[in-house]
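Each chain, written out:
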Amino acid sequence: MMSETIIPAIVYSLFTGVWQAALVWLLFQLVQFRFPLAAKNTYWLLLTIICVLFVAGLANFFYFIHHPTPPTLPLLSETNDVLNISLPNTLYSIIVLLYCLGCLYHGFRLVTSFYHLSFLAKHQLPLPAAALSMVQELQSKHPSLRKVSLAAAADVNSPLTFGWIKPLILFPVAALNRLSMEEMQSIILHEMAHIRRNDFLHECLISTIEIGMFYNPFVRLLINRSEEHTSELQSPCNLVCRL
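Residues numbered from 1 in each chain as written. Predicted model: local features only at pLDDT ≥ 70, side-chain atom pairs only at ≥ 80, totals over all residues. Heavy atoms only, no water.

Colleague: In this structure, what is going on with the overall build of the chain? I would like to understand it.
Modeller: Scanning the chain for helices and strands turns up nine helices and five strands. Along the chain, helices and strands appear, N-terminal first, in the series α-α-β-β-α-α-β-β-β-α-α-α-α-α. When the 243 residues of the chain are sorted by exposure, 36% land in the buried category. Carbon and sulfur atoms make up 66% of the accessible area of the chain, which totals about 14,800 Å². (Helix = DSSP H or I, 4+ residues; strand = E, 2+ residues; numbered from the N terminus. Buried < 20%, exposed > 50% of the residue type's maximum accessible area, 1.4 Å probe, protein only. Areas by Shrake-Rupley, 256 points an atom, 1.4 Å probe, with all protein chains shown as cover.)

Here it is in structure tokens:
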């Protein structure tokens with residue numbers, strides 16, 4: 001039966017993905033210790049590693065589909081023995097069920113978040129004309145900046161950017177009356193830096209990868225580290241200088 005091949009292949013690929021990510025994490029730590037990189041280069045390295053591990057996870061699955069044998073680990077002994085990773089069939093099914101439920105949960109969270117942002121974008125409120133003219137002035141001074149749209153939304157706690165092809169910057173309605181033009185300009189520059197770096201696309205990519213690799217603690221460590229370096233790149237002074 002097909003399930004007799006697919007279910008073990010999923011379990012084997014999950015197990016293999018964990019130790020592969022552990023080795024990559026250890027190698028990354030050694031490289032960072034020996035050859036420290038700038039925050040920007042480290043971020044791109046981490047993003048590449050996360051994508052490679054995701055592709056490796058798919059490759060592991062297809063490998064075990066065609067080679068349905070339990071993965072083995074070499075034992076640290078003089079006899080060159082190996083540890084055979086074999087589990088009862090019922091436990092295989094339980095592991096796959098839990099994995100599928102986890103994927104559904106994380107996928108549901110991503111879809112609902114995207115739907116919520118789409119809803120806010122469709123029910124946007126206009127901004128003052130002064131803010132719109134400010135954006136046009138910034139884009140005329142910096143031709144490399146992409147064209148963006150500005151709007152306000154009631155159900156937003158802080159400014160955010162939504163969309164990649166046609167980016168939209170949403171401001172909280174409650175904060176509009178408290179922001180000076182200088183503060184609004186700083187926020188717009190900050191969000192434009194996000195757009196210039198394609199941060200929205202990167203976040204969508206990582207969130208999609210998390211759906212299938214949520215179980216892997218070492219992938220989670222790599223994602224957390226990439227978020228730390230993203231925060232370093234979000235320094236207001238650095239953002240303004242990059243523009």
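Colleague: What is the right way to look at the sheet that holds strand β4 (residues 160-162) in this model?
Modeller: Backbone-to-backbone hydrogen bonds join strands into a sheet, with any given pair of strands oriented parallel or antiparallel. Pairing is mixed in the open sheet, where three strands are placed in the order β3-β5-β4. Whereas interior strands pair on both sides, the edge strands pair on one side only; in this sheet they are β3 (149-153) and β4. When strand polarity is set aside, the average angle formed by the axes of neighbouring strands in this sheet is 35°. Here three bridges tie β4 to strand β5 (residues 168-172), and the two strands are oriented antiparallel to one another. Bridged to F162 within β5 is L168. (Pairing = 2+ DSSP bridges. Axes fitted to C-alpha atoms, helices over the stretch in contact; angles between N-to-C directions.)

Colleague: Would you mind going over the pairing of β3 with me for this structure?
Modeller: If a strand is regular, its side chains alternate between the two faces of the sheet. Here β3 lies mainly inside the structure; four of its five residues are buried. The sheet contact formed by β3 and β5 spans five bridges and is parallel. Pairing of A153 across the sheet is with P172, part of β5.

Colleague: How should I be thinking about the side chain of Q32 in this particular structure?
Modeller: Secondary-structure assignment places Q32 in helix α1 (residues 2-34). Judged by its relative accessible area of 15%, Q32 is buried. Each residue touching Q32, except ones within four places of it in the same chain, is listed here: L37 and T42. (Contact = heavy atoms within 4.5 Å.)

Colleague: Sorry if this is basic, but what is going on with the environment of L125 here?
Modeller: Checked against the element boundaries, L125 lands in the loop between α3 (89-122) and α4 (129-141). Judged by its relative accessible area of 39%, L125 falls in the partly exposed class. Each C-alpha atom, one on L125 and one on L170, is 9.1 Å from the other, the two residues being 45 residues apart in sequence. The contacts of L125, once residues within four sequence positions are left out, are A151, A152 and V173.

Colleague: Where do I start with the packing of aromatic side chains in this structure?
Modeller: For any pair of aromatic rings, the description rests on two quantities: the centre-to-centre distance and the angle between the ring planes. Counted according to the given criterion, the structure contains eleven aromatic pairs. Residues F61 and F62 carry aromatic rings whose centres are separated by 5.4 Å and whose planes lie at 70° to one another, so their mutual orientation is edge-to-face. Ring centres of F214 and Y215 lie 6.2 Å apart, and the angle between their planes is 90°; on these two criteria the pair is classed as edge-to-face. Looking at F214, the relative accessible area reads 27%, which means it is partly exposed. These aromatic residues form a ring-pair network of at least three members: Y12, Y63, F64 and Y92. (Phe/Tyr/Trp six-rings, centres within 6.5 Å; stacked < 30°, edge-to-face > 60°.)

Colleague: Any chance you could explain the environment of T16 here in plain terms?
Modeller: Inspection of the secondary structure assignment puts T16 in helix α1. Here T16 falls in the buried class, since its relative accessible area comes to 5%. Here the alpha-carbon distance between T16 and F61, two residues 45 residues apart in the chain, equals 9.4 Å.

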